[in-house]
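So the chains spell out like this:
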Amino acid sequence: MSRYDVKAIVLTGKNGKFTGGFDINVFQQVQQTDAKKPIVVAIEGLALGAGLEISMAQLGLPELSLGIIPGAGGTQRLPRLVGLPKAIDMMLTSKPILSEEGKRLGLIDAIVPPQELLKVSRQWALDIVEKRKPWTRSLHRIDKIGSLSEALETIKVARQQVKRSASNMPQHQACLDVIQEGIVLGGYHGVLKELKVFNELVVSDTSKGLCHAFFSQRATSKVPNVTDIGLKPRPIKKVAVIGGGLMGSGIATALIISNINVVLKEVNSEYLVKGIKMIEANVRGLVARKKLAQSAADKALSMIKGVLDYSEFKDVDMVIEPYKNRVHDLCLDSKIVHKHSIGEAVIENVQLKQKIFSEIEKVCPPHCILATNTSTIDLNLVGEKLRSQDRVVGAHFFSPAHMMPLLEIVRTEKTSAQTILDLMTVGKVIKKVPVVVGNCTGFAVNRTFFPYKQSAHILLHLGVDLFRIDKLISSFGLPMGPFQLEDLTGYGVANAVGKEFATAFPDRTFNSPVVDLLIKNGRNGKNNGKGYYIYEKGSKPKPDPMVLPIIEESRKLANLMPRGQHVSLTDQEIVEMVLFPIVNEACRVLDEQIVVRASDLDIASVLGMSFPRYRGGIIFWADLVGSKHIYASLKKWSEKYGNFYKPSRFLEERAMNGVPLSAPVSSPTGSRARL
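Residues numbered from 1 in each chain as written. Predicted model: local features only at pLDDT ≥ 70, side-chain atom pairs only at ≥ 80, totals over all residues. Heavy atoms only, no water.

Caption draft 1: Main features of the packing of aromatic side chains. Enumeration according to the criterion identifies 17 aromatic pairs in this entry. Ring plane angle 15 degrees and centroid distance 5.4 Å describe the contact between Phe450 and Phe505, whose orientation is recorded as stacked. Within this pair, whereas Phe450 is found in helix α18 (residues 445-461), its partner Phe505 is found in the loop between α21 (491-504) and α22 (514-520), the two being separated by 55 residues in sequence. Grouping residues by exposure puts Phe450 and Phe505 together as buried. Put simply, the rings of Phe476, Phe580, Phe611, Trp621, Trp637, Tyr641, Phe644 and Tyr645 pair up and form one aromatic cluster. A cation over an aromatic ring shows up here: Lys265 above the ring of Tyr310, its NZ or CZ 4.9 Å from the ring centre. (Phe/Tyr/Trp six-rings, centres within 6.5 Å; stacked < 30°, edge-to-face > 60°. Helix = DSSP H or I, 4+ residues; strand = E, 2+ residues; numbered from the N terminus. Buried < 20%, exposed > 50% of the residue type's maximum accessible area, 1.4 Å probe, protein only. Lys NZ or Arg CZ within 6 Å of the ring centre and 35° of its normal.)

Caption draft 2: Helix α24 (residues 571-591), seen in detail. The first and last C-alpha atoms of α24 sit 30 Å apart over 21 residues, in line with the 30 Å expected at 1.5 Å per residue. The axis of α24 is deflected most strongly, by about 30 degrees, at Met577, and proline Pro581 appears within four residues downstream. A large share of α24 lies buried, amounting to 17 of its 21 residues. Of the residues flanking the end of α24, it is Gln593, one or two places downstream, whose phi is positive at about 55 degrees. (Expected span 1.5 Å × (residues − 1). Bend = angle between axes of the 7 residues up to and from the residue.)

Caption draft 3: Focus on the confidence of the model for the protein. Mean pLDDT for the protein: 87, with 88% of residues reaching 70 or above. Between residues 24-34, whose pLDDT stays under 50, and residues either more than four places distant or in other chains, the model counts 19 contacts. Low pLDDT (under 50) marks residues 51-58, which in the prediction has 44 contacts with non-local residues, meaning those over four places away or in another chain. (pLDDT = per-residue confidence, 0-100. Contact = heavy atoms within 4.5 Å.)

Caption draft 4: Layout of the environment of Ile111. Relative to the elements of secondary structure, Ile111 occurs in the loop between α5 (99-105) and α6 (117-129). Sequence separation between Ile111 and Ser99 is 12 residues, and the spatial gap between their C-alpha atoms is 7.5 Å. If we ignore the near neighbours within four places in the chain, the residues touching Ile111 are Ser99, Glu100 and Lys103.

Caption draft 5: Representation of helix α20 (residues 482-489). With 7 of its 8 residues buried, α20 lies for the most part within the structure. Restricting attention to buried positions, one finds in α20 the residues Pro482, Phe483, Leu485, Glu486, Asp487, Leu488 and Thr489. The inward-facing, buried residues of α20 abut α18, α19 (466-476), α21, α22 and β13 (533-534). Gly490, located one to two residues past α20, shows a positive phi value of around 95 degrees.

Caption draft 6: Focus on the packing of helix α10 (residues 205-219) against helix α25 (residues 598-609). With their axes 8 Å apart at the nearest point, α10 and α25 run at an angle of 105 degrees to one another. Classified by the angle between their axes, α10 and α25 sit roughly perpendicular to one another. Residues His212, Ala213, Ser216, Gln217 and Ala219 of α10 touch α25, and the partners they reach there are Ser599, Asp602, Ile603 and Leu607. In terms of residue class, the contact of α10 with α25 is made up of 4 nonpolar, 4 polar and 1 charged. (Axes fitted to C-alpha atoms, helices over the stretch in contact; angles between N-to-C directions. Parallel < 35°, antiparallel > 145°, perpendicular 65-115°, else oblique. Nonpolar A, V, L, I, M, F, W, Y, C, P; charged D, E, K, R; others polar.)

Caption draft 7: Structural context of the packing of helix α27 (residues 627-641) against helix α28 (residues 649-657). Orientation of α27 relative to α28, taken along the N-to-C sense of each, is 130 degrees, at an axis distance of 8 Å. The angle between α27 and α28 places the two elements in the oblique class. As α27 runs across α28, the sense of the crossing is left-handed. Taken together, the residues of α28 that come into contact with α27 (itself represented by Ser627, Lys628, Ile630, Tyr631 and Leu634) are Leu651, Glu652, Arg654, Ala655 and Met656. Of the residues in the contact of α27 with α28, the class split is 6 nonpolar, 1 polar and 3 charged. (Left-handed = near helix turned anticlockwise from the far one by under 90°.)

Caption draft 8: How the structure looks around a nonpolar patch on the surface. A cluster of nonpolar side chains, contributed by Leu148, Leu152, Val184 and Leu185, occupies part of the molecular surface with about 330 Å² of accessible area. By secondary structure assignment, the location of Leu185 is in helix α8 (residues 170-185). (Patch = residues over 30% accessible without salt bridge, like charges linked within 9 Å, V, L, I, M, F, W, Y side chains within 5 Å. Areas by Shrake-Rupley, 256 points an atom, 1.4 Å probe, with all protein chains shown as cover. Salt bridge = Lys/Arg side-chain N within 4 Å of Asp/Glu carboxyl O.)

Caption draft 9: Geometry of the environment of Ala417. Along the chain, Ala417 turns up in helix α17 (residues 417-429). Considering only alpha carbons, one finds Ala417 and Asn225, 192 residues apart in sequence, at a separation of 7.1 Å.

Caption draft 10: Expanded view of the environment of Glu573. The residue Glu573 is located in helix α24 in this model. Classification of Glu573 as partly exposed rests on a relative accessible area of 25%.

Caption draft 11: Just the pattern of salt bridges, in detail. Taken as a whole and judged by the stated rule, the model has 27 salt bridges. Lys238 is paired through a salt bridge with Glu312; the nearest N and O atoms lie 3.5 Å apart. Residue Lys238 is found in strand β5 (residues 238-242), and its partner Glu312 is found in the loop between β7 (304-307) and β8 (318-321); the two are separated by 74 residues along the sequence. When sorted by exposure, Lys238 lands in the same class as Glu312, which is buried. Across the pair Lys635 and Glu639 runs a salt bridge whose closest N-O atoms are separated by 3.3 Å. Linking Lys635 with Glu639, this pair stays in helix α27, spanning 4 residues, or about one helical turn. Using a relative accessible area of 37% as the deciding quantity, one classes Lys635 as partly exposed. Several salt bridges share partner residues, and in doing so they unite Arg447, Asp507, Arg508, Glu585, Arg588 and Glu592 into one network.

Caption draft 12: Representation of unusual backbone geometry in the model. Of note, the amide linkage connecting Ser399 to Pro400 takes the cis form, showing an omega dihedral of -10 degrees. With respect to the helices and strands, the residue Pro400 is situated in the loop between β10 (392-397) and β11 (406-411). A positive phi is found at Lys431, a non-glycine position, where the angle reads about 65 degrees. The topology assignment puts Lys431 in the loop between α17 and β12 (433-437). A relative accessible area of 69% places Lys431 in the exposed class.

Caption draft 13: Structural context of the side chain of His457. Note that His457 resides in helix α18. Here His457 falls in the buried class, since its relative accessible area comes to 1%. Each residue touching His457, except ones within four places of it in the same chain, is listed here: Phe483, Glu486, Phe510, Ser512, Val514, Val515 and Tyr532.

Caption draft 14: Fine view of the sheet that holds β8. The 8 strands are arranged β7-β6-β5-β8-β9-β10-β11-β12 in an open sheet whose pairing can be described as mixed. In this open sheet, the two edge strands, each paired with only one partner strand, are β7 and β12. The average angle at which neighbouring strand axes cross in this sheet is 25 degrees, direction not considered. Where β5 and β8 come together, 3 bridges link them in parallel fashion. Paired with Ala240 across the bridge in β8 is Val319. (Pairing = 2+ DSSP bridges.)

Below you can see the structure in the form of structure tokens.
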């Protein structure tokens, strides 16, 4: 800035990126620097965060997704360049825009071919110096703001929307506060407030949680002895999916929309037609929601081929056997699947599974990955009779598979590093976040969260109002409470999953009588419009008071209430009694080294169970709460209400020694999620 021989400045990046933002320490320096010379920003590709604030060109301000606000003047400059409504939308949603829209809005001055970018930018800068082009100082512009009353009304409407959609996150209202300051008092005052608020938010629990989730997601791509030993992923161009039920059709959809050819095998033509129709419906749904262009949808549907035998398996790179058997699919056909689905019905047969995999091994090429989506059969048993046990792996998708972002990659004792690396690569191609986990009942995510429903049912049978429990858990940040979730997934699934975990962990399960009583009463949740709630088309679920006598009957059968009296609990105690048992089970998962690192369980809880991202994940949140408080609470409840709440050895040790739950686990036996 101080050189007299420099008349104007062109800022640019390389390799198709301007910048994805600044280091936090640089924000203050930028805020305090007053440009004395014209600056032209030459962007090829990507400019996000502070990169856009400096340039106000391509093309997004994602800071709110990290719990902060733009900190280099963006809250003041963007509204003055594109207008207040669009600026608020870009900041609150953190969604970037493309260069064509940027040009139309006035965010970009010109779009030029890449090879002419620097030449045109230099000339533009010199034209400003020579006064052939205007030198626009965006902070001083007011022509796109509108009248004060219009601007304040726009901000008021945005505040109401934020209150509904992001009530637990402070950065949205804070961003609107800062924007309003600049509009009422001027850009300079707005920039000063922006810096103050930015510095407050950057150390908030919300920002810490969102940043942790961001880095946790990145860390999943590093798996010791898999990604660090020089292996190269092999191309997966053609995948066979066995069974076109709900899960099979979802997996097939995820593959074809990512340009991977799919062979869908079924046992007869009736099921095959049904499976293809489900895939077509999935693709149409993505087009309707503007997640997929019509041309891409047409191409995707051309990549699926239905078959009734194994003749097309001779050149497939991977086989995925999504579901247990046809009885299971028939059960699931009537199931309402939700993104927060906690499990699948359990109708599995070890011998049948082994027979299918023996047939597959004979007809597939020797490099073919043999993957199963099973969530209940021990994967070591699945491949027990095979010659190539190193190619057997779990590919555990979450329903609906073409929409849910998590893929648990479950390794057996013999799964090779190459197989895991290849499946991780497929996961990324189909836009999933692959998390490598060890083999146990429920794997990492369903295992960790099996106490969620159990603890809610214990509270119900201690006399706590079920609708109060649901409301409090929703207020905490989960999409819905445990009872509404049970209505949504169906009672058949609830019973089956409950039996599965009761068999695996008999010392810490509660057998709730209420589901059988609801079924006897003709209720099956959302499936038939009656459960804990009443479901009517076009309206939100309504609590059904008619369910209360059934609850009372169940309470008498369970006989948990002390001296037959309803327990009295605070809102905080209810939330903690639902969530602390999940933390306790997560501690066992860490102790058994089912995951590579604690942060893998954090991001898996966010993506697989919709644990609030802004809380960082189940372990990160638990460390914020404090292991001593969690341990003391569970110990107290276990003495009052039984073994279900008994603290795990891992939790006790960490609490007693003041070691974070997220600290690495050292074990001579090694991790089940590692080689």
